[in-house]
Each structure stands twice: as C-alpha cells, then as structure tokens.
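Residue-level structure breakdown
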Number of protein chains: 2
Amino acid sequence: MTKVTRRGLLSMAGVGGVGAAAGLAAGFLGHDAVAGAEPPPQPDSDTVPFHGERQAGITTPAQDRLHMAAFDVVTEDRDELIALLKDWTAAAAAMTAGKEAGATGAVNGPYDAPPEDTGEALGLSAGRLTLTFGFGPTLFEKDGTARFGLEGRRPAALIDLPHFPGDDLQEQRTGGDLVVQACSDDPQVAVHAIRNLARIAFGKAHVRWSQLGFGRTSSTSRAQQTPRNLFGFKDGTNNVKAEDGGLLDEHVWVPAGAPAPEAWMEGGSYLVARRIRMHIEIWDRTSLREQEGLIGRTKAEGAPLSGGTEFTAPDFGAKGWADAPLIATDAHVRIAHPSQNSGVRMLRRGYNFTDGSDGLGHLDAGLFFIAFVTDPRTHYVPMQSAMARQDSLSVEYLVHTGSGLFAVPPGVRPGGYVGEGLFPA
Amino acid sequence: MTKVTRRGLLSMAGVGGVGAAAGLAAGFLGHDAVAGAEPPPQPDSDTVPFHGERQAGITTPAQDRLHMAAFDVVTEDRDELIALLKDWTAAAAAMTAGKEAGATGAVNGPYDAPPEDTGEALGLSAGRLTLTFGFGPTLFEKDGTARFGLEGRRPAALIDLPHFPGDDLQEQRTGGDLVVQACSDDPQVAVHAIRNLARIAFGKAHVRWSQLGFGRTSSTSRAQQTPRNLFGFKDGTNNVKAEDGGLLDEHVWVPAGAPAPEAWMEGGSYLVARRIRMHIEIWDRTSLREQEGLIGRTKAEGAPLSGGTEFTAPDFGAKGWADAPLIATDAHVRIAHPSQNSGVRMLRRGYNFTDGSDGLGHLDAGLFFIAFVTDPRTHYVPMQSAMARQDSLSVEYLVHTGSGLFAVPPGVRPGGYVGEGLFPA
Ligand code: HEM
Ligand code: HEM
Ligand code: HEM
Ligand code: HEM
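Residues numbered from 1 in each chain as written. Chains lettered and ligands numbered in written order. Predicted model: local features only at pLDDT ≥ 70, side-chain atom pairs only at ≥ 80, totals over all residues. Heavy atoms only, no water.

Check the secondary structure of chain A and you find eleven helices and twelve strands. Buried residues in chain A amount to 62% of all 425 residues. Only carbon and sulfur atoms are counted for the fraction: they give 54% of the accessible area of chain A, which is about 15200 Å². (Helix = DSSP H or I, 4+ residues; strand = E, 2+ residues; numbered from the N terminus. Buried < 20%, exposed > 50% of the residue type's maximum accessible area, 1.4 Å probe, protein only. Areas by Shrake-Rupley, 256 points an atom, 1.4 Å probe, with all protein chains shown as cover.)

Given below as structure tokens:
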C-alpha cells in the first residue's frame, strides 16, 4: 500500500546522519534551500499537481478523507499576511508533492532548532493530497473597518450568509478569515498538512475551527463510484462532475468580466461549508418507505422513485397510486433539483463526520457539507432557503451547527502564491 | 480497492426488488433468518474471523482506523442485558464477515419497518473489521449496589483506577458500563459498526462517549511497519507483538487458575483506554535535540539514543559527553521500559486523534492510548504512576482527559455470545 515517495526517501536519507550518535547530526544539512526550489518529484499516480489555472481539490476526484481548518489572522500587518500566504504556498506545493513541509524536514535540520516538519507523515505517500485555500469576509473587514488595505476588494458575492430557519450555528464552528481544505485518501496525511500549516502560521494566524471528515459523501467524477452518506443513501449521483466542462463554467467557476476590484477572483470559486448534524438515531427508526420518500430515491441503488436506475433523470410529473406523485413534493431531490431552482447547480464535495457523543447518548454525527459555486447569492442561498422551509428531510432530521463562506481564488502559477491577485505589488 | 463482498452482493440482490416501483418491494423478503444462520462468507483476506478462543482486535495486526464507544446500560434487567449481548454478538459476527448488521439489511426488509442495517457500508468491503467487547466496573455495581445479579463476580483486577498526578479527566469521556472497540482499515466501516450496535441497543444502553482514531500508533505484529504518532516518532517499536506467544501469556492474557467468581475471565484481558491530549503546538517549537531526548530514541529511524537501529535494545548504561547517560534518566523509553517496571510489558494498540479545536487556537489532538494487559494492578498502574511523576514527556506535553478500564472476556465460540461465562444459565 505505502509507496516510496520523495518524503520517504528524504527520511531515509536522514537515517545515516542520525542513528547511533544522534547528537552529531546537528546542522549537517544546514543549507537554506526553500521547499519550492527542490527538483520536481517524479510524476506519480498518487500526487495531484498543486500548480495550475485552478486550485486543486475542487474538480479533483473526491479523496476519501478530509481535514478542514478555518483560521483567524491575529496580525493586522499586510506584509505579514502576504508572507504567511507565501509560506503556505511553498509548504503546500511541497506537501502535495509528497515532500515534507520545509526544506530540512523533520530530521535533517539543525539539531538545536525546531524541525521544519512535524514528522508524522514520514514514510507515507502523498495520498492524493490537495490543499485548497479560501478567504472569508472577515479577512476584508471587521466591524465595518477594512483590514490589510483591502478597502473595496471584498467581492460582492462574498456575502455574510443570512440566518436560515432552523439554523443552530455555534460561534466556535462558524466563520474564519482563512480556510484550508485538506483532502487525501489517508487521514494522517490530511491532518499532518493542516497541522504543519498551523505551525507555520504561529504568531500570524491561529486555528478557529477544524473538522475531520472520515468518508466522502460525493463523487465528483464519472470515474468514481457513488459513496454513501450516514443516512445510508448514495450521495453525489446528480452532482456536477469534473467531466462537465460547460456546467463547471456556468455553475462553479467565477467567470471573466467581473468589475476591476473583483477581477482577482476570475477562475476561482466560492466554497460553502455547513456542518450539518444528522439525527441518525431518529432516522434509524423510520421505515424504509419514509426514508426513500424523504430523499426521493431508492436506498439500494439510488434510482429516482419515478423509476429507472441510478442515473435515470427523475420524472417529477410521474404519478402512482391515488394520483400521488412518485417523488413527493417535499422530497429532497425535488427541492434541490435545478428545475426547482432556476436551473442552478452546485459541485458538492462533502464528508461524513462523527465527533464523539452529544452528551445525551446520541452520536454527534452528520455531513460536513461542502459545495463550490460560481456565486452563493444565486447558487446557494435560494436553495438553502427553500430546503430550510419545505424539505422535510432538512426540517425533521438536520440541524446546521457550523457555517462558513469563503472566496477561493484561482490556481497558483509556479513562482506565485495563493491569492496573489488580491495584493498587487 | 473496494472488493465485492457478501455485503455488496446482498445489496445488489435487493436492487431488482426496489427500483421503479419501490412501493411494491414491501416485505418480499420477509423470512426471519437470523444473521448467524446465513452461509459463511468466502474466506477473504479482508475479513478477520470473529469466533475463536480470544476476541479479535487484540493481537490482530493493528488496523489503520478506530471507532471506540462506551455505553451506559439504562435497563436494570438481567435478561435484557443478556439479550443485548446476544444481539450484539450476532450483529458483530455478521458485520465482521462483511455482511449487514441484520438479516434483511438496509434494503430487503419490510417496506414499512425501519431497516435492520443503516446502509452506509453497502458496497464497502469488511476492511478487516474487528469488534472487541469489554465490561466496565459500573456494570457490576453502582454506588455500592450490585447490578444484574452480578454480586461477587467483579474481578479483583477490574479496579477503579486511581487519580494520577496531572490527570484532567472529563466525566463525559470517562468510564462506561460496556465498551466496544471497532477497528478497521476503513473508518466508514468502523463508524458503521458502532452506530449499528448503538441502534440495536436502543432502550437498553446508550452511548456515553465515543472516539474516532484516524491513524494507528502501534504495530502489533512484526509484519507491520512501525507507524508514527503526532509527535512524529515511531510508536510500537518495542511493543508486545502477535508473534510473542510466551510474552502474550505472561503480560496480556488472563491466566487459568483464577478464583471461581473470576474464572469467566480466563483467556480474556484488560483494556486500558486513556484519551491523552498532546500539546502539539508547544512540541512543534522545541528542538529536535529536546524531542529526541524526551523520547530516548531518534526521530528518523526510532533507534535508541544509545546507538544501533530501530530494533536494537536500548543500553541504559551507555554514557556520552560529560558522562551524561545517552538515554536521559527522564526519557520516556527508559521510564516505560520493563527493566524499570519489574519486568512488566503491555500490548499497546493506540490511535492518533484530532477532535477539532480547543477554542484557544490549538488543535485538540493527541493519542488515544489503548493497552491490553493481564492485570492493570501490576501492568498499568505502577507504570502510569511513574510516568506521571518522572517522565518529562508526560509532565510537560501530555494531559489525560479521558479514561476507562474494562474487563475483556475471552472469545466467543459459534452459537455462544460475548461474556457468556459471566451469566451461567
Ligand atoms: C495556531 C495558533 C497557536 C499556536 C501555533 C500556538 C502555539 C503555542 C506554543 C508554541 C506555546 C508554547 C509557549 C510559547 O511559545 O509561548 C503555546 C502556549 C500557550 N498558548 Fe498557544 N498557540 C496558538 C494559539 C493560542 C491562542 C489563540 C491562545 C489563547 C487565546 C493560546 C494560549 C496559550 C496558552 C495559555 C499557552 C501556555 C500553555 C502553557 O505553557 O502551559 N494559544 N501555544
Ligand atoms: C445532511 C444533509 C444532506 C443529505 C443527507 C443530503 C442527501 C442527498 C441525497 C441522498 C441526494 C441524492 C443523490 C445525489 O444526486 O447526490 C442529494 C442530492 C442533492 N442535494 Fe442533498 N443532502 C444534504 C444536504 C444538502 C444541502 C444543504 C444542499 C444545498 C443547499 C443539498 C443539495 C443537493 C443537490 C443540489 C442535490 C442534487 C439534486 C439533483 O440535481 O437531482 N443537499 N442530497
Ligand atoms: C443509544 C441511545 C439512544 C438512542 C438510540 C436514541 C434514539 C432516539 C430516537 C430513535 C429518538 C426519536 C423519538 C423516539 O423514538 O422517542 C430520540 C429522540 C430523543 N432522544 Fe434519544 N436516543 C438515545 C439516547 C438518548 C438519551 C440518553 C437522551 C437524553 C438523556 C435522549 C434524548 C432524546 C430527546 C430529547 C429526544 C427528542 C428529540 C426530538 O424528537 O426532537 N436520547 N432518541
Ligand atoms: C501521548 C502519549 C504517549 C506517547 C507520544 C508515547 C510515545 C512512545 C514512543 C515514541 C515510544 C518508543 C517506541 C516504542 O517502543 O513503541 C514509546 C514506548 C513505550 N511507551 Fe509510550 N507514549 C505515550 C504514552 C504512554 C503511556 C500512557 C504508557 C503506559 C502507561 C506508555 C508506555 C510505553 C511503553 C511500555 C513503551 C515501550 C518501552 C520499551 O519497552 O522500550 N506510553 N512510547
């Protein structure tokens, strides 16, 4: 399973120098090469390129595990923020290539300094790690005052999300100036990445919230099997997928032609994150009939209740016994369908979570909903409003306990840094 | 990656019956076969046998992921407790074989009843799932009063753990009448198993606490690579391993010859669980020298600081510069070594965890320590006491925030149920 990667090789290279007389190893690799200056790794099916027109981790076929963290920036100095974004970019390029976060890594730096990598991913492969960065509304302004010289740069689409009926948001799971989505097939790799970015941020930004997702709940490529969420249903069937070029341009990416202060977002996207607690114990005591009716699809195959197989289009006009619609009027897939939402779609990329117990004897489990959209004003808020009012699944079985909206800038070209367009030289 | 298993086949078998006219599927498979009555699955490298002399999940080569849950029994009826243990046994035998928790599974039961499996593991392989059951002190007596007719059956070794210096135990992460350790290479499989056992327990027992572990921190077989904990060090090097037959008998299994009321524990073991928060942010800012000194091993290879390679025995007498011992007197591996502990050893089987943030800007991360020992009075309490006082790693970087001690009965023979010996007919 574990492949030998540059990360593995680096650590092995270190072994000779440490070992028996560990005290002697101090500083023997004290060059100051930056991570980005190392020779590019061998292309490997296990790594996802970091640089490119778009950030990775959006249309990348959804990896199995997630660690997402939102950060509060604790400095108010523009140069320090830029320096942080540059440091993060270098570390992200290295880690996604299966290398350690810093040039000298966990074991090859000076013996009397803290290591430049925390070491728990030594010997693991890159596990298709992607790191996707975003900016929250509070990075641009707080209490009506602009920060970091970003007057007028906050995109109009980066709204403060409204309160939706039924929301029970916890302050300590909501918001954040910066967000990092780490996805990998190996959770230890995803946790390692977030932890090293937090380490690098010391003194500039600290973790506001973080969320581990143990199982993906969406397929984002036609090459993937549709996974299941904790209601036991296939999730991702009718998702926008990597292969849907035109749909991506229409519904996911920010188009060209924005007014000048927002031009830095062209080719980017908006990330909606919602921590949705699911009442799984209650759900587990409802009948299969009720469950399928609430979703509007069969549990076994994920076919619409109007007939066919998983990828058959739902027929919302189809009627059954006593003229009742086969897909109920309050079914989730009806209310979330483009035909009910002025044609809008989203790229969903959520994860199942469980965070221990709720203190009442239930598991604190649910779906960490992540979606990428071209504009949350048209592509998220109306649908969520409809769901919060009419969708029986949402009304009866779901509670939103955390929330975030982030502007995800376009990809990074080699030599650049994430969000560079926001900070003209 | 995903193998076709009986679980997968079962769900496919259901597809024909559901689909278009889902409403017609009701009850078409209404036989009342119990899970255990189904034909045994094909032997598969991906399943670990459930039945046997010992419970699985102890010497089983440590799987990658953990979901552990402790339960409070809410009935005081002995027969209901026994019925629960029988139901759990049947479901555990089925799920560890890659089957669904109940006979009709997520999709083949009567359409107007809750499904007998929650469905989120449909299509996944067994992922080497093991389920290991244990009994806490409070199952036997509460507030000095015996429960379930178990007067005099509480083993002397199932003590109330003492308070150790520095302990900061949270009530809602501590104790429990019953414990279930679910280990699998796939976290979705482990979470599914705990959730279905909780579902089956409804009305009889509820979840007191649960813990997800995303990365194993111990190897328990010589065939495994040594993994790393969140301090970035290899963990498990000098663990007791599956191949150590004699050591297992001496240090892990409860021997024959116990007094009659405890005879039901022969061939079992004691499970110590400690949720240990690690101050990783502070650790990450200490030098490599300090880190290696605190552990007593090198970070790269895990070799003792007295020299050699990973599996070289540490030489605690070896001295270096200025006559200082190469392995410091307060180093973790010295204080935990059998030579300092009357020769005792333990089988460690812990997992890395991260549970979001602590609200101060740090990750709430650490090591969920699990050990199996023949008797916690000799094999855990003295070592933990020494560590809490002398081991600088523990004193400076660790806080114990949760705790549990459980009697793990021997394995289940086909037709029996877990803990049967405790309830003579
Ligand atoms: C990513 C953000 C953070 C990192 C990397 C971090 C890291 C550290 C480090 C390295 C130390 C060790 C001593 C030192 O250097 O001062 C420390 C100690 C401490 N931190 Fe943080 N910290 C972060 C955020 C915070 C925040 C936001 C708070 C409080 C609001 C906080 C509260 C403390 C306290 C009280 C200690 C003292 C602990 C002790 O020595 O017993 N930290 N932290
Ligand atoms: C715990 C929360 C949720 C669960 C369990 C859930 C479950 C599902 C399921 C099973 C499907 C059908 C399969 C598929 O096409 O992927 C689906 C579809 C969908 N869901 Fe959700 N969902 C949840 C929350 C949300 C939220 C918050 C939104 C957006 C506001 C949303 C938007 C959609 C959309 C757009 C579709 C596709 C509809 C279509 O085009 O057919 N879902 N969901
Ligand atoms: C494994 C243990 C548990 C399971 C499987 C479970 C399951 C359920 C189920 C199925 C319901 C739906 C309604 C019903 O059947 O009554 C429910 C509701 C509820 N449970 Fe639990 N429960 C558990 C433990 C607890 C505990 C220990 C408490 C409180 C101390 C609790 C508090 C509640 C409350 C307040 C509701 C009502 C929620 C509502 O309908 O809005 N539950 N639980
Ligand atoms: C966060 C907490 C802990 C960390 C990070 C940690 C780390 C380590 C490391 C890196 C090793 C050396 C490699 C090995 O032989 O496995 C080790 C060994 C060991 N640890 Fe821990 N440990 C922790 C807690 C504990 C606790 C609570 C105990 C028992 C009370 C314990 C008992 C042992 C034992 C018995 C050994 C083997 C010593 C030998 O025979 O050489 N550890 N630990």
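Having seen the structure, we can now continue with the description.
Another aspect to go through is the packing of helix α2 (residues 78-96) of chain A against helix α4 (residues 187-200) of chain A. Packed helices, taken two at a time, are described by the angle between their axes plus the distance between the axes. Residues and elements named next belong to chain A. Orientation of α2 relative to α4, taken along the N-to-C sense of each, is 150°, at an axis distance of 10 Å. When the axes of α2 and α4 are compared, the pair comes out roughly antiparallel. Of the two possible hands of crossing, α2 and α4 adopt the one that is right-handed. Contacts between α2 and α4 involve L84, D87, W88, A91 and M95 from the first element and H192, A193, N196, L197 and I200 from the second. Broken down by class, the residue content of the contact of α2 with α4 amounts to seven nonpolar, two polar and one charged. (Axes fitted to C-alpha atoms, helices over the stretch in contact; angles between N-to-C directions. Parallel < 35°, antiparallel > 145°, perpendicular 65-115°, else oblique. Left-handed = near helix turned anticlockwise from the far one by under 90°. Contact = heavy atoms within 4.5 Å. Nonpolar A, V, L, I, M, F, W, Y, C, P; charged D, E, K, R; others polar.)

All right, on to the coordination of the iron atom of ligand 1 then. Exactly one protein atom donates to the iron atom of ligand 1; that atom is H362 of chain B (NE2), 2.2 Å from the metal. By the secondary structure assignment, H362 of chain B is in the loop between β10 (351-357) and β11 (363-373). (Donors = N, O, S within 2.8 Å, 3.2 Å for Na, K, Ca; no water.)

Between the two chain copies there is a screw-like relation: a rotation about an axis and a shift along it. After a rotation of 180° and a shift along the axis of 0.0 Å, chain A superposes on chain B with an RMSD of 0.0 Å. Both copies are brought into coincidence by an operation consistent with a two-fold rotation axis. It is D355 of chain A whose C-alpha, among those of chain A, lies nearest the rotation axis, at 3.2 Å. Counting the interface residues of chain A, we find that 100% of their copies in chain B are interface residues as well, pointing to one common contact surface. (Least-squares fit on C-alpha atoms with pLDDT ≥ 70 in both.)

This paragraph deals with helix α2 (residues 78-96) of chain B. Residue and element names in this part refer to chain B. Helix length check: α2 (19 residues) gives 27 Å between terminal C-alpha atoms against 27 Å at 1.5 Å per residue, within 8%. For α2, the complete set of buried residues consists of L81, I82, L84, L85, W88, T89, A91, A92, A93, A94, M95 and T96. The backbone nitrogen of D79 has a side-chain oxygen 2.8 Å away, supplied by the residue at the start of α2, namely D77. Where α2 ends, the next residue or the one after it, G98, has phi of about 85°, a positive value. (Expected span 1.5 Å × (residues − 1). Polar contact = N/O pair within 3.5 Å; in protein donor to acceptor, adjacent residues only side chain to side chain.)

All names here are of chain B. Burial within β11 is extensive, with eleven of its eleven residues counted as buried. Bridge count between strand β8 (residues 269-278) and β11: eight bridges; the pairing is antiparallel. For V272, the partnering residue across the bridge sits in β11 and is A371. One ladder, built from two bridges, connects strand β9 (residues 347-348) with β11; its direction is antiparallel. Among the inter-strand pairings, R348 is bridged to a residue of β11, identified as A371. Note that β10 and β11 share five bridges and pair antiparallel. Bridged to N352 within β11 is L367. Hairpin connection of β10 to β11: five residues between the antiparallel strands, including G359 at a positive phi of 85°. (Pairing = 2+ DSSP bridges.)

When the parts come together, some accessible area is lost, and that loss is often what is quoted as the size of the interface. Tallying the contact residues gives 62 residues for chain A and 63 residues for chain B. The largest share of the area that chain A buries against chain B comes from Y111, R195 and R289 of chain A, three residues that together contribute 11% of it. Where chain A packs against chain B, one counts six salt bridges. Where chain A touches chain B, the interface holds 22 residue pairs in polar contact (both at pLDDT 80 or more). If one sorts the elements of the side of chain A that touches chain B by residue count, strand β6 (residues 205-213) of chain A sits on top with six residues. Residue composition of the side of chain A that touches chain B, grouped by class: 26 nonpolar, 21 polar and 15 charged. (Buried area = accessible area lost by both parts, 1.4 Å probe. Salt bridge = Lys/Arg side-chain N within 4 Å of Asp/Glu carboxyl O.)

Time to look at the pairing of strand β5 (residues 178-184) of chain A. All names here are of chain A. In terms of residue burial, β5 counts as a mostly covered element, since seven of its seven residues are buried. Burial along β5 is two-sided: L178, V180, A182 and S184 facing one way and V179, Q181 and C183 facing the other are all buried. In terms of strand pairing, strand β1 (residues 65-73) meets β5 through seven bridges, oriented antiparallel. When the bridges of β5 are listed, F71 appears paired with L178. Both strand β2 (residues 130-135) and β5 contribute to a ladder of six bridges, which runs antiparallel. Across the sheet, residue L131 finds its bridge partner in β5, namely A182.

Let us now look at the site of ligand 1. Taken together, F202, A205, H206 and V207 of chain A together with E281, I282, R285, L360, G361 and H362 of chain B are the residues near ligand 1. Surrounding ligand 1 are residues belonging to chains A and B, so the site spans chains. A distance of 2.7 Å separates a nitrogen atom of ligand 1 from a polar atom in the side chain of H362 of chain B. Looking at the shell around ligand 1, the elements with two or more residues in it are β6 of chain A together with α6 (280-283) of chain B. (Near = heavy atom within 4 Å.)

For the rest of this paragraph, the subject is the site of ligand 4. Residues and elements named next belong to chain B. What surrounds ligand 4 is a group of 26 residues, the closest being G236, T237, N238, H332 and R348. A distance of 2.5 Å is found between an oxygen atom of ligand 4 and a backbone nitrogen or oxygen belonging to G236. Between ligand 4 and T237, the relevant distance is 3.1 Å, taken from an oxygen atom to a main-chain nitrogen or oxygen of the residue. Looking at the shell around ligand 4, the elements that each hand over two or more residues are β8, α8 (332-335), β11 and α10 (381-390). Ranked by the residues each element gives to the shell around ligand 4, the list is headed by α10, at three residues.

This part takes up the pattern of salt bridges. When their charged atoms lie close together, side chains carrying opposite charge are able to pair. Residues and elements named next belong to chain A. Throughout the structure, instances matching the rule amount to 50 salt bridges over all chains. For R147, the salt bridge goes to E76, with nearest N and O atoms at 2.8 Å. Of this pair, R147 sits in the loop between β4 (145-146) and β5 while E76 sits in the loop between β1 and α2, and the two are 71 residues apart along the sequence. Linking D375 and R377 is a salt bridge whose minimum nitrogen-to-oxygen distance equals 2.8 Å.

Okay, the confidence of the model for chain A next. Residues and elements named next belong to chain A. Looking at chain A as a whole, its pLDDT mean stands at 90, while 89% of the residues score no less than 70. Under a pLDDT of 50 for its full length, residues 8-43 has, in the predicted model, 48 contacts with residues more than four places off or in other chains. Quick note on the complex model: pTM equals 0.89, ipTM equals 0.88. (pLDDT = per-residue confidence, 0-100.)

Core analysis: the biggest nonpolar cluster contains 170 residues, and W88 and L131 of chain A together with W88 and L131 of chain B have the highest contact counts within it. Setting aside chain neighbours within four positions, we find W88 of chain B in contact with F71, F133, L178, V180, L197, I200 and A201 of chain B. (Core = buried A, V, L, I, M, F, W, Y, C linked by side-chain atoms within 4.5 Å.)

Moving on, we come to the environment of P255 of chain A. All names here are of chain A. By the secondary structure assignment, P255 is in the loop between α5 (245-251) and β8 (269-278). Considered as a pair, P255 and D177 are 78 residues apart in the sequence and their alpha carbons are 24 Å apart. When residues no more than four places from it in sequence are discounted, the contact partners of P255 are E266 and T374.

Attention now moves to the packing of aromatic side chains. As enumerated under the stated definition, the model contains 22 aromatic pairs over all chains in all. The ring centre of W253 of chain B lies 4.4 Å from the NZ or CZ of R54 of chain B, which sits over that ring. (Phe/Tyr/Trp six-rings, centres within 6.5 Å; stacked < 30°, edge-to-face > 60°. Lys NZ or Arg CZ within 6 Å of the ring centre and 35° of its normal.)

Turning our attention to the environment of G350 of chain A. Here G350 of chain A is to be found in the loop between β9 (347-348) and β10 (351-357). When the C-alpha positions of G350 of chain A and R65 of chain A are compared, they lie 9.9 Å apart, and in sequence the two are 285 residues distant.

Below, the discussion takes up unusual backbone geometry. It is generally the case that most residues other than glycine have a negative phi and that most peptide bonds are trans. Residue and element names in this part refer to chain A. Phi at A322 is positive, roughly 55°, even though this residue is not glycine. The topology assignment puts A322 in the loop between α7 (288-295) and α8 (332-335). Of the residues examined, A322 reaches a relative accessible area of 65% and is grouped as exposed.

A few words now on helix α10 (residues 381-390) of chain A. Taking burial as the measure, the ten residues of α10 of chain A include seven buried ones, the bulk of the element. The complete set of buried residues in α10 of chain A reads V381, M383, Q384, S385, A386, M387 and A388 of chain A.

As a further point, take the side chain of S392 of chain B. Residues and elements named next belong to chain B. Looking at the secondary structure, you find S392 in helix α11 (residues 392-397). Residue S392 is classed as buried on the basis of its relative accessible area of 12%. Each residue touching S392, except ones within four places of it in the same chain, is listed here: L294, D330 and Y397.

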